[in-house]
Every structure is written in structure tokens, then in C-alpha cells.
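Chains, contacts and geometry: an overview
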Amino acid sequence: MGSLIDYTVTLEDGTDRDPGDEAFSVTFAGGRRRRIGLHDYDRIYAVPGLYEAVVQDRLECASPAKLAEVLLSVAEQQRRAPHLLRVLDLGAGNGMVGEPIHYIAVGARKADEG
């Protein structure tokens, strides 16, 4: 079974642009093409999976993993078990930050149990 929405993403060269004007193009099946600003979240989230396709896959966003790494480091410095921490993630709701934090907490719990 194929994807429900078929599209390709083309990143624009942003070397001479103001960071606020960064954009990409989405070409949908049938040839319809749309230019979307990188921070135009209403338009990005209107296309299921587009945010993840652009930010995670194409731009290789490492911020969530880095945040989880810093959280683990602080927990270790404070001599606190990471799996006992409570984290409130007030993000976009796509789980990008929650997943690596959960992975670290579960991994820490398994290490403590082993």
C-alpha cells in the first residue's frame, strides 16, 4: 500500500537569504507545486508528515536528540535517575522531542534493573 499523500520536497538554496525567508517547494502527484516558508507551520502541518519529511529527514534536525543528551547529563550531574524525572514537553505534538527523552529514560531504567 502506498503513501496516502504522494509528494516530493525540494529545499531552496538559502545562502543569500535572510533566515526568516527560508523555504522549500513541495511537488504533489499530478504536478501541483507549492512554495512553503520553513516557519509557515499552518501550511506545513496541513500536509500530513510534511514537517517530519522536511525538518527531520531533509534538514537532519538534531535538536531533540541534543536536548535529551543535555537532560541526561544534568540528571547525572545532579545524581538523579533519569527514568524518575518528569518532563513536560510543550511542543508541536509530533513527538520529536518526547521520543529521544523517552528512549533515554527507558534505557536508564533498564540499566538500573540489569
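Here the structure is shown first, and the text comes after it.
Nothing here was measured: the structure is a model prediction, and the numbers come from that model.

1. Side note on the nonpolar core
- Tyr7, Phe24, Val26, Leu50 and Val54 are the most contacted members of the largest nonpolar core, which has 15 residues in total.
- For this core, the secondary-structure elements that each account for two or more residues are β1 (7-11), β2 (23-28) and α2 (50-58).
- Of the residues forming this core, the biggest block, five residues, is contributed by α2.
- If we ignore the near neighbours within four places in the chain, the residues touching Val54 are Val9, Leu11, Phe24, Leu38 and Leu59.

2. Focus: unusual backbone geometry
- With phi around 50°, Glu60 is a residue other than glycine that occupies positive phi space.
- Relative to the assigned elements, Glu60 resides in the loop between α2 and α3 (63-77).
- The class for Glu60 is exposed, based on a relative accessible area of 63%.
- Even without being a glycine, Arg79 presents a positive backbone phi close to 55°.
- Tracing the backbone through its elements, the reader meets Arg79 in the loop between α3 and α4 (98-113).

3. A look at the packing of aromatic side chains
- Inspection of the entire model under this criterion finds four aromatic pairs.
- Ring geometry for Tyr7 against Phe28: centres 6.1 Å apart, planes inclined by 65°, an arrangement best described as edge-to-face. Here Tyr7 is found in strand β1, whereas its partner Phe28 is found in strand β2, with 21 residues between them in sequence.
- Accessibility expressed as a relative area gives 10% for Phe28, which makes it buried.
- Among the aromatic residues, ring-to-ring pairing joins Tyr41, Tyr45 and Tyr51 into one connected group.
- The ring of Phe28 has Arg32 lying over it, and the distance from NZ or CZ to the ring centre is 4.3 Å.

Definitions and cut-offs
- Residues numbered from 1 in each chain as written.
- Predicted model: local features only at pLDDT ≥ 70, side-chain atom pairs only at ≥ 80, totals over all residues.
- Heavy atoms only, no water.
- Core = buried A, V, L, I, M, F, W, Y, C linked by side-chain atoms within 4.5 Å.
- Buried < 20%, exposed > 50% of the residue type's maximum accessible area, 1.4 Å probe, protein only.
- Helix = DSSP H or I, 4+ residues; strand = E, 2+ residues; numbered from the N terminus.
- Contact = heavy atoms within 4.5 Å.
- Phe/Tyr/Trp six-rings, centres within 6.5 Å; stacked < 30°, edge-to-face > 60°.
- Lys NZ or Arg CZ within 6 Å of the ring centre and 35° of its normal.

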